[in-house]
Amino acid sequence: GENVEQHPSTLSVQEGDSAVIKCTYSDSASNYFPWYKQELGKRPQLIIDIRSNVGEKKDQRIAVTLNKTAKHFSLHITETQPEDSAVYFCAASMGGTDKLIFGTGTRLQVFP
Amino acid sequence: NAGVTQTPKFRVLKTGQSMTLLCAQDMNHEYMYWYRQDPGMGLRLIHYSVGEGTTAKGEVPDGYNVSRLKKQNFLLGLESAAPSQTSVYFCASSYRPGTSGIGVGQYFGPGTRLTVT
């Protein structure tokens, strides 16, 4: 079946450094790729998304890139801050539908 | 707007007991979803609904039932709880995608932590 692989599972960076999280998907019909941030004990929150007709999208310190040929997409966070510490999930739409398959998450720790 | 809300926040059940989780949204979203979140496994779709009166199975539907009698509410039922259903349950909702068919963002509720002993 369809799946989304996410790497790394944990990532530690110094404040001010950049962080990159990568995901690969298996379903060539996937056309929507959101990223969610989940702080401890809280709900997942949509932070950025990208659609299949776009290769890159940026919103202040976060950006997402999509390579449809290779079936992978990445989240880039620049100038990291301690409040960026959280678990980040990628997701891909299933078979062109509205259902999402989620990656297993990346725990990002930003040290002051 | 309250967004997406869930009731209850916490619950402990004994094996074999039943319960219903309630999800409500005030954003006039057409689509609603129920997920479970287990350590190291991300979010897995249990059931979803594309409109009032309609429901469909997701990745892990066994042991759960759902109903969408009103557009703003989506109920998740456990008829006979099992320890394997210990998890955090999240509800989400979204608009209907446009004619392009490309997906739209889902907005999550605060979650229900369920323990089955």
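None of these values were measured; they are calculated from a predicted model.

Visitor: Would you mind showing me how to read the sheet that holds strand β7 (residues 62-67) of chain A here?
Guide: Backbone-to-backbone hydrogen bonds pair the strands of a sheet. The strands run either parallel or antiparallel. All names here are of chain A. Strand order across the open sheet formed by five strands is β1-β3-β8-β7-β6, with antiparallel pairing between neighbours. Pairing within the sheet leaves two strands with one partner each, and these edge strands are β1 (4-7) and β6 (56-59). Averaged over all neighbouring strand pairs, the angle between strand axes comes to 15°, with direction disregarded. Note that β1 and strand β3 (residues 19-25) share four bridges and pair antiparallel. Each residue of the ladder has a partner; that of V4, found in β3, is Y25.

Visitor: What am I meant to see in the interface of chain A and chain B here?
Guide: Buried accessible area, meaning the area lost when the parts come together, often serves as the stated size of an interface. Taken together, the contact pairs 19 residues of chain A with 23 residues of chain B. On the surface where chain A and chain B come into contact, there are zero salt bridges. Counting across the interface, chain A meets chain B through five residue pairs in polar contact (both at pLDDT 80 or more). Going through the elements one at a time, β4 (32-38), β5 (45-51) and β10 (100-102) of chain A are the ones with two or more residues in the side of chain A that touches chain B.

Visitor: How do you make sense of the pattern of salt bridges when you look at a structure like this?
Guide: Side-chain pairs of opposite charge can arise where the charged atoms are in close proximity. Summed over all chains, the structure comprises seven salt bridges over all chains. Ionic pairing is found between R51 of chain A and D49 of chain A, a salt bridge with its closest N-O pair at 3.8 Å. Here R51 of chain A falls in the partly exposed class, since its relative accessible area comes to 27%. When the shortest N-O distance is used, the salt bridge between D38 of chain B and R44 of chain B registers 2.8 Å. An identical accessibility class is assigned to D38 of chain B and R44 of chain B; each is buried. Among the charged side chains, a network of salt bridges with common partners joins D49, R51 and K57 of chain A.

Visitor: What am I meant to see in the environment of R61 of chain A here?
Guide: All names here are of chain A. Mapping R61 onto the fold places it in the loop between β6 and β7. Along the primary structure R61 and S18 are separated by 43 residues, whereas in three dimensions their C-alpha atoms are 9.5 Å apart. Excluding residues within four positions of it along the chain, R61 makes contact with H76, I77, T78, E79, T80, Q81 and D84. At 2.9 Å, the side chain of R61 forms a polar contact with the side chain of D84.

Visitor: For this particular structure, what's the right way to read unusual backbone geometry?
Guide: Trans peptide bonds make up most of the peptide bonds, and negative phi angles are found at most residues other than glycine. Between H7 of chain A and the following residue, P8 of chain A, the backbone shows a cis peptide bond with an omega angle of -5°. Relative to the elements of secondary structure, P8 of chain A occurs in the loop between β1 and β2 (10-14). Put simply, T7 of chain B and P8 of chain B share a cis peptide bond, and its omega is -5°. Looking at where P8 of chain B falls in the secondary structure, it is placed in the loop between β1 (4-7) and β2 (10-13). Even without being glycine, Q60 of chain A reaches a positive phi, approximately 55°. When you line up the elements, Q60 of chain A lands in the loop between β6 and β7. Among the residues examined, Q60 of chain A registers a relative accessible area of 71% and is labelled exposed. With a phi angle near 60°, N28 of chain B is a residue other than glycine that sits in the positive phi range. Following the sequence through the fold, N28 of chain B ends up in the loop between β3 (19-25) and β4 (31-37). On the basis of relative accessibility, which here comes to 53%, the residue N28 of chain B falls in the exposed class.

Reading the values: rules and limits
Residues numbered from 1 in each chain as written. Chains lettered and ligands numbered in written order. Predicted model: local features only at pLDDT ≥ 70, side-chain atom pairs only at ≥ 80, totals over all residues. Heavy atoms only, no water. Pairing = 2+ DSSP bridges. Helix = DSSP H or I, 4+ residues; strand = E, 2+ residues; numbered from the N terminus. Axes fitted to C-alpha atoms, helices over the stretch in contact; angles between N-to-C directions. Contact = heavy atoms within 4.5 Å. Salt bridge = Lys/Arg side-chain N within 4 Å of Asp/Glu carboxyl O. Polar contact = N/O pair within 3.5 Å; in protein donor to acceptor, adjacent residues only side chain to side chain. Buried < 20%, exposed > 50% of the residue type's maximum accessible area, 1.4 Å probe, protein only.

Geometric values such as these leave the question of function open.
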